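# Topology and contacts: notes
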Amino acid sequence: MKPAGWVVPQLWKGERAFIIAGGSSIDRTSILKIRGKVIAIKHAVLLKPDADIMFWAGATWHGENAWLIAQHTGALLVKRKIDEEVPGWIRQVERLAPGPDGISGLSEDRRKLGGLCAGGSALNLAVHLGAVEI
(Lines give C-alpha, C1' and ligand atoms only; values in the text may rest on other atoms or scores of the structure.)
Protein backbone atom coordinates (compact mmCIF):
# COMPACT_ATOMS: atom_id res chain seq x y z
CA MET A 1 0.00 0.00 0.00
CA LYS A 2 1.33 3.42 -0.96
CA PRO A 3 1.47 6.02 1.80
CA ALA A 4 -0.92 8.91 1.46
CA GLY A 5 0.57 12.20 0.36
CA TRP A 6 0.56 15.25 2.56
CA VAL A 7 -1.93 18.06 1.96
CA VAL A 8 0.13 21.19 2.61
CA PRO A 9 -1.46 23.39 5.27
CA GLN A 10 -1.17 27.15 4.84
CA LEU A 11 1.18 27.53 7.79
CA TRP A 12 2.95 30.53 6.27
CA LYS A 13 -0.11 32.49 5.14
CA GLY A 14 0.91 36.09 4.50
CA GLU A 15 4.57 35.42 5.39
CA ARG A 16 7.80 36.14 3.55
CA ALA A 17 9.68 32.98 2.55
CA PHE A 18 13.24 32.34 1.44
CA ILE A 19 14.52 29.37 -0.50
CA ILE A 20 18.17 28.52 -0.05
CA ALA A 21 19.87 26.29 -2.59
CA GLY A 22 23.48 25.15 -2.64
CA GLY A 23 24.72 27.50 -5.33
CA SER A 24 27.99 29.40 -5.16
CA SER A 25 26.23 32.78 -4.85
CA ILE A 26 25.12 32.00 -1.30
CA ASP A 27 27.29 33.00 1.62
CA ARG A 28 26.79 32.75 5.35
CA THR A 29 26.65 36.55 5.77
CA SER A 30 23.58 36.73 3.50
CA ILE A 31 21.89 33.91 5.36
CA LEU A 32 22.33 35.65 8.71
CA LYS A 33 20.26 38.56 7.34
CA ILE A 34 17.25 36.41 6.44
CA ARG A 35 14.05 37.39 8.24
CA GLY A 36 11.21 35.06 7.39
CA LYS A 37 10.43 31.42 6.81
CA VAL A 38 13.12 29.29 5.18
CA ILE A 39 13.19 26.26 2.92
CA ALA A 40 16.69 24.77 2.57
CA ILE A 41 17.15 22.52 -0.45
CA LYS A 42 19.31 19.47 0.19
CA HIS A 43 22.89 20.51 1.02
CA ALA A 44 21.85 24.11 1.72
CA VAL A 45 20.81 22.85 5.14
CA LEU A 46 24.52 23.02 6.01
CA LEU A 47 24.26 26.81 5.64
CA LYS A 48 21.05 27.08 7.67
CA PRO A 49 20.56 23.97 9.84
CA ASP A 50 17.55 25.52 11.60
CA ALA A 51 15.66 26.16 8.34
CA ASP A 52 11.94 25.68 8.86
CA ILE A 53 11.88 23.05 6.12
CA MET A 54 14.54 20.88 4.56
CA PHE A 55 13.38 19.96 1.06
CA TRP A 56 14.51 16.97 -0.94
CA ALA A 57 13.37 16.16 -4.47
CA GLY A 58 15.79 13.51 -5.68
CA ALA A 59 16.63 9.91 -5.09
CA THR A 60 19.21 8.65 -2.57
CA TRP A 61 17.80 10.94 0.06
CA HIS A 62 18.17 8.89 3.22
CA GLY A 63 20.85 6.32 2.33
CA GLU A 64 24.17 7.92 1.54
CA ASN A 65 22.81 11.33 2.58
CA ALA A 66 21.60 10.33 6.05
CA TRP A 67 24.33 12.47 7.61
CA LEU A 68 22.90 15.52 5.83
CA ILE A 69 19.36 14.97 7.12
CA ALA A 70 20.78 14.64 10.63
CA GLN A 71 22.14 18.23 10.37
CA HIS A 72 18.64 19.68 10.07
CA THR A 73 17.20 20.97 13.34
CA GLY A 74 14.12 22.66 11.83
CA ALA A 75 10.54 21.49 12.05
CA LEU A 76 9.95 19.57 8.80
CA LEU A 77 11.61 17.44 6.19
CA VAL A 78 9.59 17.48 2.98
CA LYS A 79 10.21 14.98 0.19
CA ARG A 80 8.86 15.14 -3.36
CA LYS A 81 7.92 11.50 -3.76
CA ILE A 82 5.38 9.54 -1.77
CA ASP A 83 6.05 5.92 -2.65
CA GLU A 84 9.16 5.34 -0.56
CA GLU A 85 9.50 3.86 2.89
CA VAL A 86 10.75 6.26 5.53
CA PRO A 87 13.34 5.01 8.02
CA GLY A 88 12.22 5.16 11.65
CA TRP A 89 15.13 7.42 12.67
CA ILE A 90 13.74 10.35 10.64
CA ARG A 91 11.65 12.33 13.12
CA GLN A 92 9.12 13.69 10.65
CA VAL A 93 8.85 13.64 6.90
CA GLU A 94 5.96 14.88 4.81
CA ARG A 95 5.70 13.57 1.27
CA LEU A 96 4.19 15.25 -1.75
CA ALA A 97 3.58 13.72 -5.14
CA PRO A 98 5.24 15.25 -8.16
CA GLY A 99 2.81 16.85 -10.57
CA PRO A 100 1.97 15.15 -13.86
CA ASP A 101 5.00 14.32 -15.99
CA GLY A 102 6.36 17.43 -17.60
CA ILE A 103 4.56 19.95 -15.40
CA SER A 104 6.89 22.91 -15.14
CA GLY A 105 4.47 25.47 -13.75
CA LEU A 106 2.92 25.67 -10.32
CA SER A 107 0.51 22.99 -9.20
CA GLU A 108 -2.61 24.34 -7.54
CA ASP A 109 -3.28 20.95 -5.94
CA ARG A 110 -1.77 21.17 -2.42
CA ARG A 111 -0.99 17.42 -2.56
CA LYS A 112 1.36 17.85 -5.53
CA LEU A 113 4.35 19.91 -6.54
CA GLY A 114 5.04 21.33 -9.97
CA GLY A 115 8.53 22.15 -11.12
CA LEU A 116 11.07 20.05 -12.95
CA CYS A 117 13.81 20.55 -10.34
CA ALA A 118 14.13 20.92 -6.57
CA GLY A 119 14.17 24.73 -6.86
CA GLY A 120 10.95 24.88 -8.86
CA SER A 121 9.24 22.44 -6.54
CA ALA A 122 10.42 24.37 -3.46
CA LEU A 123 8.83 27.51 -4.97
CA ASN A 124 5.59 25.60 -5.37
CA LEU A 125 5.85 24.39 -1.76
CA ALA A 126 6.25 27.98 -0.50
CA VAL A 127 3.14 28.97 -2.48
CA HIS A 128 1.18 26.04 -1.03
CA LEU A 129 2.29 27.11 2.46
CA GLY A 130 0.73 30.53 1.81
CA ALA A 131 3.85 32.70 1.43
CA VAL A 132 3.09 36.02 -0.25
CA GLU A 133 6.68 36.97 -1.00
CA ILE A 134 9.35 34.46 -2.02
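In this report, we go over the structure that sits alongside the text.

Reading the values: the criteria
Residues numbered from 1 in each chain as written. Predicted model: local features only at pLDDT ≥ 70, side-chain atom pairs only at ≥ 80, totals over all residues. Heavy atoms only, no water. Buried < 20%, exposed > 50% of the residue type's maximum accessible area, 1.4 Å probe, protein only. Helix = DSSP H or I, 4+ residues; strand = E, 2+ residues; numbered from the N terminus. Pairing = 2+ DSSP bridges. Expected span 1.5 Å × (residues − 1). Contact = heavy atoms within 4.5 Å. Core = buried A, V, L, I, M, F, W, Y, C linked by side-chain atoms within 4.5 Å.

Of the two faces of strand β3 (residues 53-56), the one holding I53 and F55 and the one holding M54 and W56 are both buried throughout. Where strand β2 (residues 37-41) meets β3, three bridges bridge the pair, whose relative direction is parallel. The residue bridging A40 from the neighbouring strand is M54, located in β3. The sheet contact formed by β3 and strand β4 (residues 76-79) spans four bridges and is parallel. Paired with W56 across the bridge in β4 is K79.

On to helix α3 (residues 118-129), then. For α3, spanning 12 residues, the distance from its first C-alpha to its last is 16 Å, which sits close to the expected 16 Å at 1.5 Å a residue. With nine of 12 residues buried, α3 is to be regarded as a mostly interior element. Listed in full, the buried residues belonging to α3 are A118, G120, S121, A122, N124, L125, A126, H128 and L129. Those residues of α3 that are buried lie in contact with β1 (17-20), β2, β3, β4 and β7 (112-113). Two residues or fewer past α3, G130 is found with a positive phi of approximately 100 degrees.

This part covers the nonpolar core. In terms of nonpolar packing, the biggest core is built from 18 residues, with I39, I53, F55, V78 and L125 touching the most fellow members. Listing elements by their share of this core, those giving two or more residues are β2, β3, β4 and α3. With five residues, the single largest contributor to this core is α3.

What follows is about the environment of L123. Tracing the sequence through the fold places L123 in helix α3. Relative accessible area serves as the criterion here: at 40%, L123 is assigned to the partly exposed category. A sequence separation of 10 residues divides L123 from L113, and the C-alpha atoms of the two residues are 9.0 Å apart. Not counting chain neighbours up to four residues away, the residues in contact with L123 comprise I19, L106 and I134.

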